[in-house]
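Chain residues, written in single-letter form:
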Amino acid sequence: QSTHPGPATFPSRVQIRVGAMPAIAMAAVAAEATAAAAAAAKGAFGYNRANYMFDAGMRWGRFNTGYSMAMAQTSQYREDIDDLTELTVTKADTYHTVGTICFVLNFQLIMAGRLGVHGPSPPGWLMGLYWTNICSALMFLVTFTWMAMHAGARATAGAAYLRTRTVRLPIPTPKMLDKARVTGNSFEKQRIQDMFRIPFVFPAGQESAVDEASGRREPISDRRMPKWYDDEVEELRKGDGGPAPSPTSVPEHFELYRGLQQEWWCYDVYSRIGILFWFSHWLTSASLYSMCHVFTELRLLWPAWTVTACFVTAHWGILRLDITSKPREGSLMCLPIEKIVPFVPVLAVFGMSIEYSILDPTPFWQDLIYTVSWICYAIQFAWALRLYDLAAPQFRDKESPEHAGDAWSPMEWPVPPAFSQAVYLVSAPKYLEPGQTCLTQEMKAAKGQKGQNIPQRKANECSHSMLPWKLFRGAIITSISMWVLIMFGRGFEQINGERFLLKQEGRVERWPSHMQPWMAPWTRKGTRQENCHAGGCDRRLSAGQNQVASLAQRLMAALVPLVDVLDAPSKKSIAPQFAEMQKVGVQWPSDFRPAFLTSHDGMLAAFEREGGRGALVQSVSAKDFTAFKLEGIDGQILATTWDKSGLLVATSGAGLAECVGAPGADGTWACHQLALEALPSGSKAVAVARQSSNLLRAAVAFEGEDSVVLFDLTQDGTWDPAGEVKLPVAGSISFYLSLAKQAQDLIISSADGAVIKRTISDSSAHKIVASAPGTNVAWHGACGISGDRVAHLASENGVVPMLFVTGAARS
């Protein structure tokens with residue numbers, strides 16, 4: 001056989017092979033097809049199983065990653081609650097610290113450093129300004145401290161409530177973990193088409209979900225997902241039936257927290273406003289207190305102005321910082337009083353400068369001081385009304401836009417617009433910023449249309465959130481009422497007279513301060529010790545040797561007569577002589593209410609306590625009188641003495657005046673103040689007369705004491721103690737004093753009608769005791785008249801004046 005057979009070689013064999021091919025080829029093709037199908041099925045099965053196992057791992061990983069992210073975000077939510085709460089609590093703690101200091105400052109002015117204790121009481125018009133301001137400050141202090149306490153405590157409680165009940169970490173349960181985990185044999189439960197799906201030839205179905213309306217599964221996206229993914233969504237991500245997230249939705253903890261903030265935001269706001277109101281009133285009080293201290297105790301002018309300028313500047317500054325906007329619409333006080341009220345102390349220090357100056361208290365200056373004081377009261381009253389407008393809430397009907405860095409509050413919070421930039425409120429947001437989402441809300445959201453139809457959870461409304469404003473409003477109304485009352489009182493005092501409704505103070509005279517500056521009554525000599533601390537001069541030894549020597553000499557001069565009296569042999573006491581009182585027919589003016597009586601050369605002069613009115617009769621038997629009025633007398637009359645030099649008058653200002661000669665033809669008796677040291681104050685009865693040496697002697701009976709102290713005026717114009725006379729009447733009975741015979745006889749007339757006359761220089765000298773008739777009369781002053789007799793002034797039923805004189809004395 002040739003290696004290259006021709007075409008005609010072996011034709012029969014070829015035909016035989018060709019005829020046998022169909023059966024064999026078909027078997028081979030079938031076998032190859034079966035093998036290919038088996039290989040394809042195996043490959044598809046393996047591919048799909050590998051995908052399933054990969055997705056199972058992804059399912060587990062996604063489950064854990066989702067919950068890990070949700071727990072991290074929930075931790076952030078808990079930090080949000082802490083941050084929002086810490087802002088309120090930190091402010092409340094700061095307010096408490098400030099409030100503690102403020103309590104100390106407030107009570108220092110009210111108690112420890114109160115005016116009128118260490119020095120004289122300042123004028124009534126200024127004390128009205130001071131006490132109303134300092135008490136208003138205390139009221140606002142207590143109010144804002146308590147509100148800050150409520151705000152801090154309620155915010156802490158609300159945050160604890162949310163953290164322990166609502167905002168919890170979404171930790172999966174063991175059941176959820178078991179459900180999220182799948183095993184390899186779970187692939188056997190999958191659908192046939194998913195097990196043997198040929199990739200690229202038969203793509204996976206679209207992502208679908210069961211339509212609740214039709215009950216059929218409908219595509220929900222263009223993504224191709226195997227059926228086990230749909231199973232995973234239904235098993236692990238079906239949600240808890242919550243609302244689906246939307247562009248306007250906000251995490252639930254923000255809504256819940258804003259609902260809780262309704263219960264304390266108002267306390268937070270008004271505690272902050274209360275601090276400003278306290279500082280406003282306290283700074284005014286501190287300025288008034290400082291100027292009173294400088295004027296009444298230090299007796300300095302310019303420091304009062306400088307310290308006032310410091311307080312005024314501070315007051316203006318804090319008002320400018322806190323009040324940044326206009327108050328609510330429909331205000332009671334439209335004027336910006338906050339720009340005027342800091343300057344009230346400037347007007348006050350101007351009035352005090354005139355009050356304590358060396359100017360004579362003429363009606364012009366007094367009217368000017370009263371005018372300045374009423375301007376101060378008007379400004380303070382307008383400021384009290386303005387406080388109401390500044391603190392009043394402003395309700396809104398729409399939400400204001402929120403800008404980064406700008407103060408913002410929801411429309412449910414009617415924050416006072418005047419303090420919108422000063423209260424430092426931070427509210428939970430109502431909307432999330434673009435790009436932010438809430439994983440917890442997505443995990444809880446129901447799927448499909450059901451989640452879209454569920455409303456978002458909103459903050460709970462609190463019906464009592466405006467209670468702090470109602471309380472704060474009550475404090476402001478109380479302040480307004482206080483100013484109304486004090487202005488009424490000032491008007492009454494100005495018309496009726498300063499401080500005439502109350503009794504005077506103790507021994508140290510402290511009013512009226514512009515006429516009676518406080519000086520230590522027992523030790524001051526001229527200008528010596530004038531600058532020592534008020535209230536302590538009479539308890540402090542002088543450091544100067546000259547003053548000590550002078551004091552020793554004065555003490556020796558006072559003790560020598562006492563020693564002589566004690567060394568002298570006792571003399572037999574003379575029994576007192578008694579004389580009956582007899583009424584004389586002097587006709588006084590019908591509207592005349594005399595209280596004091598004095599005589600000279602047989603003439604009698606009677607004086608009213610108030611106003612300086614008097615009446616003169618030529619003798620005790622005269623029927624006619626001559627009416628007159630003392631000119632130049634200030635204050636109430638305490639005692640009168642008439643001698644050859646003229647009339648001596650002691651007034652309630654503890655000063656002495658002299659009226660020369662006799663009443664003029666025009667019905668006036670001109671008087672002038674004597675430049676002498678003031679008599680010791682705190683007395684209930686006073687008498688003054690000239691001695692033979694032409695020097696003055698005073699007899700003073702002090703409140704609560706049962707003796708009369710005698711003072712002699714020295715050459716240098718000061719009063720030295722000269723002796724003491726025991727009172728023969730009970731200390732509780734009111735009485736009048738009078739000196740006669742060149743201040744050698746002391747006449748004591750009591751309210752029960754008894755009159756006692758005794759000689760001061762000789763304790764053994766005779767005594768005359770005049771008994772009063774048993775008529776229903778009120779008894780007043782008495783004086784000595786000719787013939788060693790006594791005249792006693794009285795009034796029938798306290799209205800009709802009468803005059804009694806003593807008859808012959810009997811033992």
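Scroll up to find the structure this text is about.
Below you will find a few notes about this structure. None of the values given here were measured: they were computed from a predicted structure.

### What about the overall build of the protein?
Scanning the protein for helices and strands turns up 14 helices and 22 strands. Going through the 811 residues of the protein one by one, you find that 44% of them count as buried. Intrachain contacts of the protein at a sequence separation of at least 6 include 63% that bridge at least 24 residues. On the protein, roughly 42000 Å² of surface is accessible, and the fraction owed to carbon and sulfur atoms is 60%.

### So, the state of the cysteines
A full pass over the atoms with the stated rule returns one disulfide. Disulfide pairing places Cys659 opposite Cys671 at an S-S distance of 1.8 Å. Note on the Cys659 and Cys671 pair: the S-S dihedral is about 95°, so by sign convention the disulfide is right-handed. Here Cys659, found in strand β10 (residues 656–659), pairs with Cys671, found in strand β11 (residues 668–673); they are 12 residues apart in sequence, far enough to count as distant. Cys671 matches Cys659 in its accessibility class, with the two residues each being buried.

### Re the pairing of strand β7 (residues 626–631)
Relative to β7, strand β6 (residues 613–617) runs antiparallel, the two sharing four bridges. Looking at the pairing, Gly614 lines up with Phe628 of β7. Pairing analysis gives three bridges linking β7 to β11, with the strands arranged parallel. Looking across to β11, one finds that Leu630 is bridged to Trp669.

### Re the environment of Val586
The residue Val586 is located in the loop between β3 (577–584) and β4 (596–600) in this model. Counting along the chain gives 37 residues from Val586 to Lys623, while the straight-line C-alpha distance between them is 4.9 Å. Those residues in contact with Val586 that sit more than four places away from it in its chain are Val617, Ser619, Val620, Ala622 and Leu803.

### A closer look at the pattern of salt bridges
Taken as a whole and judged by the stated rule, the model has 12 salt bridges. Arg154 is the partner of Glu263 in a salt bridge, and the nearest nitrogen-oxygen pair spans 2.4 Å. Of this pair, Glu263 sits in the loop between α6 (252–261) and α7 (265–298) while Arg154 sits in helix α2 (residues 124–165), and the two are 109 residues apart along the sequence. For Glu263, a relative accessible area of 27% translates into the label partly exposed. Relative accessible area serves as the criterion here: at 26%, Arg154 is assigned to the partly exposed category. For Glu255, the salt bridge identified is with Arg258, shortest N-O distance 2.5 Å. Of this pair, Glu255 and Arg258 are both found in helix α6, three residues apart, which corresponds to roughly one turn of the helix. Take Glu255: its relative accessible area is 2%, and that puts it in the buried class.

### Looking at the sheet that holds strand β14 (residues 707–713)
Taken in spatial order, the four strands of this open sheet run β12-β13-β14-β15, and their pairing is antiparallel. Each having just a single partner strand, β12 (683–690) and β15 (719–726) make up the two edges of the open sheet. Averaged over all pairs of adjacent strands, the angle between strand axes in this sheet comes to 20°, irrespective of strand direction.

### Description of the environment of Gly491
Summarising the element assignment, Gly491 is placed in helix α13 (residues 467–496). By relative accessible area, Gly491 is classed as buried at 18%. Each C-alpha atom of the pair Gly491 and Trp374 lies 9.4 Å from the other, and the pair is 117 residues apart in sequence.

### Describing the nonpolar core
Of all hydrophobic cores here, the largest spans 78 residues; its most connected members are Tyr270, Phe277, Met291, Phe419, Phe472 and Ile476. Elements that contribute at least two residues to this core include exactly α1 (11–112), α2, α7, α8 (302–322), α9 (344–355), α10 (363–391) and α13. At 19 residues, the largest contribution of residues to this core is made by α7. Those residues in contact with Phe419 that lie beyond four places of it in its chain are Ile273, Leu276, Phe277, Asp322, Ile323, Leu390 and Ala391. Membership of the second largest hydrophobic core comes to 18 residues, among which are Phe596, Ala605, Leu616 and Ile633.

### A few points about a nonpolar patch on the surface
Taken together, Leu301, Trp302, Trp305 and Phe350 make up a surface patch of nonpolar side chains, about 410 Å² in accessible area. By secondary structure assignment, the location of Leu301 is in the loop between α7 and α8.

### Quick word on the pairing of β4
The element β4 is extensively covered by neighbouring structure, given that five of its five residues are classed as buried. Burial along β4 is two-sided: Phe596, Thr598 and His600 facing one way and Leu597 and Ser599 facing the other are all buried. As paired elements, β4 and strand β5 (residues 603–607) share five bridges and run antiparallel to each other. Following the sheet pairing, Thr598 is matched in β5 by Ala605.

### A word on α9
With 12 residues, α9 ought to run about 16 Å at 1.5 Å a step, and its terminal C-alpha atoms sit 16 Å apart, in line with that. Counting buried residues along α9, nine of its 12 residues qualify, which places the element largely inside the surrounding structure. Of all the positions in α9, only Val344, Pro345, Ala348, Val349, Gly351, Met352, Ser353, Ile354 and Glu355 are classed as buried. On the buried face of α9, the contacting elements are α2, α7, α8 and α10.

### Points about the side chain of Ser136
Residue position: Ser136 is located in helix α2. Residue classification places Ser136 among the buried residues on the basis of a relative accessible area of 0%. Ser136 has contacts with His281, Ser479 and Met482, leaving out every residue within four places of it along the chain.

### What to know about the packing of aromatic side chains
For any pair of aromatic rings, geometry is given as the distance between the ring centres together with the angle between the planes. Taken as a whole, this structure holds 26 aromatic pairs when the rule is applied. Pairing Trp278 with Trp282 gives two aromatic rings, centres 5.5 Å apart and planes at 15°, and the pair type is stacked. Taken as a pair, Trp278 and Trp282 lie in helix α7 at a separation of four residues, close to a single helical turn. Note on accessibility: Trp278 and Trp282 belong to one class, buried. Here Phe628 and Trp669 contribute two aromatic rings whose centre-to-centre distance is 5.6 Å and whose plane-to-plane angle is 70°, an arrangement assigned as edge-to-face. With Phe628 in strand β7 and Trp669 in strand β11, the pair connects residues that are 41 residues apart, well separated along the chain. Note on Trp669: relative accessible area 1%, which makes it buried. One aromatic cluster is present, built from ring pairs that chain together Phe140, Tyr270, Phe277, Tyr388, Phe419, Trp469 and Phe472.

### Describing the side chain of Gln73
For Gln73, the position within the fold is in helix α1. If sequence neighbours within four positions are ignored, Gln73 has contacts with Thr437, Cys438, Leu439 and Thr440.

### A few points about the packing of α9 against α10
Between α9 and α10, the least distance of the axes is 9 Å, while the angle of their chain directions is 160°. Classified by the angle between their axes, α9 and α10 sit roughly antiparallel to one another. The chirality of how α9 crosses α10 is left-handed. Contact with α9, carried on its side by Val344, Leu347, Ala348, Phe350, Gly351, Ile354 and Glu355, involves Trp365, Leu368, Ile369, Val372, Ile375, Cys376, Ile379 and Gln380 of α10 and no other residues of that element. Split into classes, the residues belonging to the contact of α9 with α10 amount to 12 nonpolar, two polar and one charged.

### As for unusual backbone geometry
Although it is not a glycine, Tyr424 adopts a positive phi angle of roughly 55°. You can see Tyr424 is positioned in the loop between α10 and α11 (439–444).

### Overview of the sheet that holds β4
Reading across the sheet, the eight strands line up as β4-β5-β6-β7-β11-β10-β9-β8 and stay open at both edges, with mixed pairing between neighbours. The strands lining the two open edges of the sheet, one partner per strand, are β4 and β8 (637–643). Put simply, the sheet's adjacent strands are angled 25° from each other on average, direction ignored.

The rules we used
Residues numbered from 1 in each chain as written. Predicted model: local features only at pLDDT ≥ 70, side-chain atom pairs only at ≥ 80, totals over all residues. Heavy atoms only, no water. Helix = DSSP H or I, 4+ residues; strand = E, 2+ residues; numbered from the N terminus. Buried < 20%, exposed > 50% of the residue type's maximum accessible area, 1.4 Å probe, protein only. Contact = heavy atoms within 4.5 Å. Areas by Shrake-Rupley, 256 points an atom, 1.4 Å probe, with all protein chains shown as cover. Disulfide = S-S within 2.5 Å. Pairing = 2+ DSSP bridges. Salt bridge = Lys/Arg side-chain N within 4 Å of Asp/Glu carboxyl O. Axes fitted to C-alpha atoms, helices over the stretch in contact; angles between N-to-C directions. Core = buried A, V, L, I, M, F, W, Y, C linked by side-chain atoms within 4.5 Å. Patch = residues over 30% accessible without salt bridge, like charges linked within 9 Å, V, L, I, M, F, W, Y side chains within 5 Å. Expected span 1.5 Å × (residues − 1). Phe/Tyr/Trp six-rings, centres within 6.5 Å; stacked < 30°, edge-to-face > 60°. Parallel < 35°, antiparallel > 145°, perpendicular 65-115°, else oblique. Left-handed = near helix turned anticlockwise from the far one by under 90°. Nonpolar A, V, L, I, M, F, W, Y, C, P; charged D, E, K, R; others polar.

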